[in-house]
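# Remarks on the overall topology
So the chains spell out like this:
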Protein chains: 2
Amino acid sequence: MAKFIFGVDIGGTSVKMGLFDEAGEMLEKWEIDTRKENAGENILPDIAASIKEKSEEKGIAVEDILGIGMGVPGPVTEDGRVLKCANLGWGIFSVADKVTELTGVKKVCVGNDANIAALGEQWRGGGRGFDSIVMVTLGTGVGGGVILNGKILTGATGAGGEIGHIMVNPKETRVCGCGKKGCLEQYSSATGLMRSAREAVAASDRPSMMREFEPEKLTGKEIFDAYKAKDEMATEVVEEFAEYLGLGLGQVAQVVNPQAFVIGGGVSKNGQCVADIVKEKFAKNVMFALKDTEFRLAELGNDAGMYGAVRMVLS
Amino acid sequence: MAKFIFGVDIGGTSVKMGLFDEAGEMLEKWEIDTRKENAGENILPDIAASIKEKSEEKGIAVEDILGIGMGVPGPVTEDGRVLKCANLGWGIFSVADKVTELTGVKKVCVGNDANIAALGEQWRGGGRGFDSIVMVTLGTGVGGGVILNGKILTGATGAGGEIGHIMVNPKETRVCGCGKKGCLEQYSSATGLMRSAREAVAASDRPSMMREFEPEKLTGKEIFDAYKAKDEMATEVVEEFAEYLGLGLGQVAQVVNPQAFVIGGGVSKNGQCVADIVKEKFAKNVMFALKDTEFRLAELGNDAGMYGAVRMVLS
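Every value quoted in this text rests on a predicted model; they were computed, and no experiment measured them. (Residues numbered from 1 in each chain as written. Chains lettered and ligands numbered in written order. Predicted model: local features only at pLDDT ≥ 70, side-chain atom pairs only at ≥ 80, totals over all residues. Heavy atoms only, no water.)

### So, the interface of chain B and chain A
Interface size, as often reported, equals the accessible area lost upon joining of the parts. Spelled out, the test is: In what follows, a contact means two residues having at least one pair of non-hydrogen atoms within 4.5 Å. Accessible area that two parts lose when put together, with a 1.4 Å probe and added across both, is what the buried area reports. What makes a salt bridge here is a side-chain nitrogen of Lys or Arg within 4 Å of a carboxyl oxygen of Asp or Glu, nothing more. Nitrogen and oxygen atoms within 3.5 Å of one another constitute a polar contact, given that in protein one can donate a hydrogen and the other can accept it, and given that sequence-neighbouring residues count only through two side-chain atoms. A helix here means a DSSP run of H or I that spans at least four residues, while a strand means a run of E at least two residues long, and both kinds are numbered starting from the N terminus.
Taken together, the contact pairs 37 residues of chain B with 37 residues of chain A. Buried surface at the junction of chain B and chain A, both sides included, amounts to about 2700 Å², of which 63% is carbon and sulfur. Here chain B and chain A share zero salt bridges between them. Our enumeration of links across chain B and chain A arrives at 20 residue pairs in polar contact (both at pLDDT 80 or more). Those elements giving two or more residues to the side of chain B that touches chain A turn out to be strand S9 (142-148) and helix H8 (232-256) of chain B.

### Side note on the domain arrangement of chain A
Residues and elements named next belong to chain A. Basically, it comes down to this: Domain start and stop points were drawn from an automatic or database domain assignment.
For chain A, the domain assignment lists domain 1 (4-119 + 303-314) and domain 2 (130-299). Spacing between the C-alpha centres of domain 1 and domain 2 amounts to 29 Å. Between domain 1 and domain 2, the contact holds twelve residues from the first and 13 residues from the second. Across the domain 1 to domain 2 interface the summed buried area is about 930 Å²; carbon plus sulfur atoms make up 62%. Of all residues in domain 1, the largest losses of buried area upon contact with domain 2 belong to Asn-115, Ala-118 and Leu-119, amounting jointly to 50% of the total for that side.

### Here we look at the pairing of strand S7 (residues 108-112) of chain B
Residue and element names in this part refer to chain B. We apply this condition: Only protein chains enter the accessibility calculation, which uses a 1.4 Å probe; a residue is then buried when its area is under 20% of its type maximum, exposed when over 50%, and partly exposed in between. Strands were regarded as paired on the criterion that DSSP finds at least two bridges between them.
With five of five residues buried, S7 is to be regarded as a mostly interior element. With five bridges connecting them, strand S4 (residues 65-72) and S7 associate as parallel partners. Bridging from a neighbouring strand, Ile-68 pairs with Val-108 of S7.

### Re the sheet that holds S4(B)
Residue and element names in this part refer to chain B. Here is the rule: Here the axes come from fitting lines to C-alpha atoms, over the contacting stretch only for helices, and the angles between their N-to-C directions go from 0 to 180 degrees.
Spatially, the five strands line up as an open sheet ordered S3-S2-S1-S4-S7, and their pairing is mixed. Two strands in the sheet have a free side with no partner beyond their single neighbour: strand S3 (26-33) and S7. Mean inter-strand twist for the sheet, computed between neighbouring axes without regard to direction, equals 15°. Of the strands in this sheet, S4 and S7 are in contact with helix H3 (residues 95-103), which crosses S7 at around 140°. Here helix H4 (residues 113-124) sits on the sheet in contact with strand S1 (4-10), S4 and S7, set at roughly 105° to S7.

### Here we look at helix H2 (residues 43-58) of chain A
Spelled out, the test is: Each helix should span, by expectation, one fewer than its residue count multiplied by 1.5 Å.
Across its 16 residues, H2(A) extends 23 Å between first and last C-alpha, which sits within 8% of the 22 Å expected from 1.5 Å per residue. Just beyond H2(A), the residue with positive phi is A:Gly59, at close to 70°.

### Observations regarding the side chain of A:Lys180
To keep things clear, this is the line we draw: Two residue types count as positive, namely Lys and Arg, and two as negative, namely Asp and Glu; His and chain ends fall outside the count.
Considering the arrangement of structural elements, one finds A:Lys180 in the loop between strand S10 (151-152) and helix H5 (185-188). Here A:Lys180 sits buried without a salt bridge, and the closest side chain of opposite charge, A:Glu162, lies 9.7 Å off (N-O distance). A distance of 2.5 Å separates a polar side-chain atom of A:Lys180 from the backbone oxygen of B:Asn285. Apart from the residues within four sequence positions on either side, A:Lys180 is in contact with A:His165, A:Met167, A:Arg174, A:Val175, B:Gln254, B:Lys284, B:Asn285, B:Val286 and B:Met287.

### Regarding the relation of the copies chain B and chain A
Note the cut-off: Alignment of the copies relies on least squares applied to C-alpha atoms, considering only residues that score at least 70 for pLDDT in both.
Taken as rigid bodies, chain B and chain A are interconverted by a rotation of 180° and an axial shift of 0.0 Å, the fit giving an RMSD of 0.1 Å. Interpreted geometrically, this transformation is the action of a two-fold axis. A shared binding surface is used by both copies, with 100% of the interface residues of chain B retained as interface residues in chain A.

### Structural notes on the environment of A:Cys273
Residues and elements named next belong to chain A. Assignment of secondary structure puts Cys-273 in helix H9 (residues 272-284). Separated by 218 residues in the primary sequence, Cys-273 and Ser-55 have C-alpha atoms spaced 43 Å apart. Not counting residues within four places of it along the chain, the set of residues in contact with Cys-273 comprises Phe-224, Tyr-227 and Lys-228.

### Regarding unusual backbone geometry
Residue and element names in this part refer to chain A. A positive phi angle is found at Asn-38, which is not glycine, with a value near 55°. In this structure, Asn-38 sits in helix H1 (residues 37-40). A relative accessible area of 53% places Asn-38 in the exposed class. At Lys-230, a position not held by glycine, the phi torsion is positive, near 65°. With respect to the helices, strands and loops of the structure, Lys-230 is situated in the loop between helix H7 (220-228) and helix H8 (232-256). Using a relative accessible area of 72% as the deciding quantity, one classes Lys-230 as exposed.

### Some words on the nonpolar core
The following threshold applies: Nine residue types can take part in a nonpolar core, namely buried Ala, Val, Leu, Ile, Met, Phe, Trp, Tyr and Cys, and a core is a set of them joined through side-chain atoms within 4.5 Å.
Counting residues in each nonpolar core, the largest one holds 102 residues, and the members touching the most others are A:Met210, A:Leu249, A:Val256, B:Met210, B:Leu249 and B:Val256. Apart from residues lying up to four places away in sequence, B:Met210 is in contact with B:Ala197, B:Val201, B:Leu218, B:Ile223, B:Ala226, B:Met233, B:Ala234 and B:Val237.

In structure tokens form, the structure reads like this:
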């Protein structure tokens with residue numbers, strides 16, 4: 001009898017769900033809303049109901065489900081307890097135990113969303129062929145996940161791989177969302193990149209392709225398009241973004257010496273030039289033994305978390 | 001029949017050797033010279049001869065030796081190959097295979113010296129009771145070793161835990177021994193601390209207890225003695241040393257989230273106040289989930305490497 005795995009990635013607005021076969025192939029994917037009201041008490045029951053519904057539709061018995069892998073947006077301990085998920089309204093409890101109770105499925109593996117995305121990319125995406133990678137996701141913030149020998153580095157309090165909050169600029173006066181100052185996320189997230197571009201445009205009258213857009217429409221794509229066209233001001237903006245990212249990833253490499261970095265998130269959609277310039281800046285900031293670290297682009301997009309969730313079940 | 005392990009820590013001037021029982025207790029220790037001439041070709045034969053001699057003295061047969069653990073001053077891959085040990089004149093070869101050939105002992109485990117010292121401290125020293133620690137050794141340079149779940153984080157090219165070369169000051173103009181600028185090692189090694197103190201003394205006529213010493217006699221001990229006596233200039237010097245170290249260890253914690261840091265090397269001999277001030281600066285530089293990371297002092301001194309070497313054999 002064929003066996004199945006569910007991969008679930010809980011986000012702040014929707015839950016991504018996938019049905020996988022035991023070889024790790026995705027058979028189907030769908031989404032449900034994340035109902036955050038009442039301290040998020042409906043989220044896990046909604047997921048359990050959706051798993052039940054899909055199982056009935058496909059004629060899958062509970063004993064044919066090898067396991068459920070789940071990603072949550074917050075710190076998670078190795079045994080599947082969340083230590084507060086501000087985004088979902090959750091406190092401290094065992095997600096694994098709760099999901100087993102709701103579904104009858106014994107093997108439930110839970111990880112932090114950034115970490116399982118890293119695991120997914122290492123297993124089936126841009127990090128394929130490497131055992132040890134660091135994934136960095138450039139979106140609203142800068143997320144990170146460290147995979148060593150095919151396993152997530154969770155850390156003592158579930159904060160392993162929180163590389164967005166590495167300090168890269170001791171002179172910064174603005175405060176980051178985390179309460180510190182000078183965090184990598186302030187410069188190298190999509191948000192940080194857009195802010196730098198708007199500031200550069202506003203700071204002078206120098207000509208630039210970036211002036212063709214309303215400030216709020218000047219996103220990563222427009223900035224990188226101008227950079228690719230050798231626009232001088234866009235080049236300065238991208239150089240600064242890459243300097244900070246190269247510096248931060250240099251710190252990471254000095255500690256864990258991965259085989260490769262995998263760059264994901266919206267900014268990475270601008271193509272190989274993103275990996276290239278970050279690698280160039282990185283190489284200036286690391287010891288000789290680290291200079292040949294590979295830089296790859298993520299390939300799984302929003303599915304990475306589901307793949308990583310399934311990988312936890314299968315390993 | 002009782003079983004034994006040899007723990008060997010190869011340094012640039014001497015090789016520290018220890019005979020351990022299978023419970024990991026040290027029975028005896030001794031040193032031999034490190035003969036570096038002719039590309040260090042005598043080093044391993046000398047060690048093998050010393051192991052043979054000690055075995056004969058104690059009536060230990062080759063089959064009663066569970067294994068030999070070894071530390072070398074350079075990058076080592078997980079399978080025991082060195083990738084150049086500049087200090088010893090060595091190129092690239094398998095230390096493990098060579099030592100097996102010379103001694104007839106099948107199990108030979110080889111690690112980087114800083115990494116095995118970290119493993120020793122985690123097992124039997126200041127990191128006892130924790131599974132995951134980062135050891136930082138403040139001596140001529142700043143060495144590091146990362147232990148996760150009781151295992152050394154070796155890294156893809158043997159450069160895991162090279163935290164002395166994390167960049168902590170983007171404005172630095174002086175070049176570090178590694179060729180980069182602004183490395184942690186430039187400020188927070190014993191050497192860096194002494195340099196800062198000498199510079200502070202030379203830069204003004206302000207009174208300070210540190211003026212009682214000839215510049216070359218102003219070492220960590222004198223600086224910390226003045227700091228403990230609330231000498232103003234010494235306080236500034238120690239604060240700066242700790243600021244950089246707290247910043248660098250903050251970066252490390254954001255990546256690997258250890259349970260504890262263990263501080264070793266000459267500077268740590270100045271007592272708990274070293275751990276206390278570094279923890280204070282560290283806490284300013286990390287996310288909330290990391291602020292309670294423990295700070296301990298190393299306990300095994302120069303024996304840490306031998307203990308770690310033995311631990312590799314026993315695990």
